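In case you want the letters, here they are:
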Amino acid sequence: RVNRPFLALCIHGLCICTMQHVNNTITNYMFSAVYDDLKLVTYGSIVSAPFMTVTLIGGPYFAKKFGLEKFIRFGLIAGAVMYIGLFGMHMVMDVNPYVHMILSNCAMDLASVSIYMQWGLVSEAIDYNEMLTGKRTEGSIYGTFNLSRRVGQTVGNSAAILALGWFGYDGAATVQAASAVFGIKFLGILLPGIFVIGSWAAFKFLWNMDAETRTKLNEFKAGQQ
């Protein structure tokens, strides 16, 4: 309860994994029911690969220059803005499928920077917990953090399919109703953006590892040796 970095990571894990699996689940419906071209899903991964390669190569440099959690927050808020902006575009115009593919994949990739970079923060939360409580509970912290991620994955997969029915999606229909098309766009674009904002908020308002706290933590670790 007193370990704010640990709580931030659990909320982040829940939100980011829910986002990821909602996005992955609804993407197939987006291209099959809205654009009537399922093969574009494959093209999306081709577009995404170079962007992620550049991000991962440059990630360590930016993390070192600006701080790991600041770099994570930037990726999250940039991804959320792209998701929300793309949803706004869909509300006022017919978005070209290739434009949608590029923007949605870039939004996903920016938000996913946090997934690749989060593990360095988990070890810091473990050290911080030991300083606060006098106990080193690596197994409990890793286990609970991974549980929050598994819950997000389960919710993302299951709730996305369930929610499609609320919007009137009919798997047997050749052409979906306008409400179903809106539901696919809401679930596949805006909802992931909302969950990304939740992840960003966890790092912005709960994460409290500043320079002063890290100095105290380093002094504590030095005293343990």
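Here is what the cut-offs are and how they apply
- Residues numbered from 1 in each chain as written.
- Predicted model: local features only at pLDDT ≥ 70, side-chain atom pairs only at ≥ 80, totals over all residues.
- Heavy atoms only, no water.
- Helix = DSSP H or I, 4+ residues; strand = E, 2+ residues; numbered from the N terminus.
- Buried < 20%, exposed > 50% of the residue type's maximum accessible area, 1.4 Å probe, protein only.
- Contact = heavy atoms within 4.5 Å.
- Areas by Shrake-Rupley, 256 points an atom, 1.4 Å probe, with all protein chains shown as cover.
- Lys, Arg positive; Asp, Glu negative; His and termini not counted.
- Charge placed at Lys NZ, Arg CZ, Asp CG, Glu CD.
- Axes fitted to C-alpha atoms, helices over the stretch in contact; angles between N-to-C directions.
- Parallel < 35°, antiparallel > 145°, perpendicular 65-115°, else oblique.
- Left-handed = near helix turned anticlockwise from the far one by under 90°.
- pLDDT = per-residue confidence, 0-100.
- Nonpolar A, V, L, I, M, F, W, Y, C, P; charged D, E, K, R; others polar.
- Phe/Tyr/Trp six-rings, centres within 6.5 Å; stacked < 30°, edge-to-face > 60°.
- Lys NZ or Arg CZ within 6 Å of the ring centre and 35° of its normal.
- Patch = residues over 30% accessible without salt bridge, like charges linked within 9 Å, V, L, I, M, F, W, Y side chains within 5 Å.
- Salt bridge = Lys/Arg side-chain N within 4 Å of Asp/Glu carboxyl O.

A few points about the overall build of the protein chain
A count of helices and strands for the protein chain gives eight helices and zero strands. Moving toward the C terminus, one meets the helices and strands of the protein chain in the order α-α-α-α-α-α-α-α. Overall size of the protein chain, expressed as C-alpha extent along the three principal axes, is 70 × 35 × 25 Å. For the protein chain, buried positions account for 44% of its 225 residues. Pairs at least 24 residues apart make up 80% of the contacts formed inside the protein chain by residues separated by at least 6 positions. Split by element, the accessible area of the protein chain, about 11,300 Å² in all, is 64% carbon and sulfur. Distance from the positive charge centre (16 side chains) to the negative charge centre (13 side chains) of the protein chain: 6 Å.

Details of the packing of helix 2 (residues 40-66) against helix 4 (residues 97-117)
Between helix 2 and helix 4, the shortest axis-to-axis distance is 9 Å and the interhelical angle comes to 40 degrees. Between helix 2 and helix 4, the crossing angle belongs to the class labelled oblique. Note on packing geometry: the crossing formed by helix 2 with helix 4 is right-handed. Counting all contacts with helix 2, which are made through Leu40, Tyr43, Gly44, Val47, Ser48, Phe51, Met52, Thr55, Leu56, Gly59 and Pro60, the residues of helix 4 involved are Pro97, Tyr98, Met101, Ile102, Asn105, Cys106, Asp109, Leu110, Val113, Tyr116 and Met117.

Focus: the confidence of the model for the protein chain
Caution is warranted with low-pLDDT regions, since their predicted coordinates should not be read in detail. Overall, the predicted model of the protein chain reaches an average pLDDT of 90, with 100% of residues at or above 70. Looking at the elements of the protein chain, mean pLDDT is at its lowest for helix 2, recorded as 78, and at its highest for helix 7 (residues 178-206), recorded as 96.

Considering the packing of helix 3 (residues 68-92) against helix 4
At a minimum axis separation of 8 Å, helix 3 and helix 4 run at an interaxial angle of 155 degrees. The orientation of helix 3 relative to helix 4 falls into the category roughly antiparallel. Relative to helix 4, the crossing made by helix 3 is left-handed. Between helix 3 and helix 4, the contacting residues are Leu68, Phe71, Ile72, Gly75, Leu76, Ala78, Gly79, Met82, Tyr83, Leu86, Met89 and His90 on the first element and Val99, His100, Leu103, Ser104, Cys106, Ala107, Met108, Leu110, Ala111, Val113, Ser114 and Met117 on the second. Looking at the contact of helix 3 with helix 4 residue by residue, the classes come out as 18 nonpolar, six polar and no charged.

Comments concerning the environment of Ile11
Assignment of secondary structure puts Ile11 in helix 1 (residues 4-34). Along the backbone, Ile11 and Ser199 are 188 residues apart, and their C-alpha atoms lie at a distance of 6.6 Å.

Topic: the packing of aromatic side chains
Applying the stated criterion across every chain yields a total of twelve aromatic pairs. An angle of 75 degrees between the planes, with centres 5.4 Å apart, marks the rings of Trp119 and Phe145 as edge-to-face. Placement of Trp119 in helix 5 (residues 119-133) and of Phe145 in helix 6 (residues 138-166) is noted, with a sequence separation of 26 residues between them. Since its relative accessible area comes to 1%, Phe145 is described here as buried. Ring-pair connections join several aromatic residues into one group, and the members of that group are Tyr61, Phe62, Phe66 and Phe71. Cation over ring: Lys65 sits above Phe66, and NZ or CZ is 5.7 Å from the ring centre.

Quick word on unusual backbone geometry
Phi is mostly negative for residues that are not glycine, and the peptide bonds are mostly trans. The backbone of Asp36 shows a phi angle near 55 degrees, a positive value even though the residue is not glycine. Tracing the chain through its elements places Asp36 in the loop between helix 1 and helix 2. Given the relative accessible area of 67%, Asp36 is considered exposed.

So, a nonpolar patch on the surface
Nonpolar side chains collect at one region of the surface, where Leu14, Leu147, Val151 and Val155 lie side by side and expose about 310 Å² of accessible area between them. Sorting elements by how many residues they give to the nonpolar patch places helix 6 first, with three residues. You can see Val151 is positioned in helix 6.

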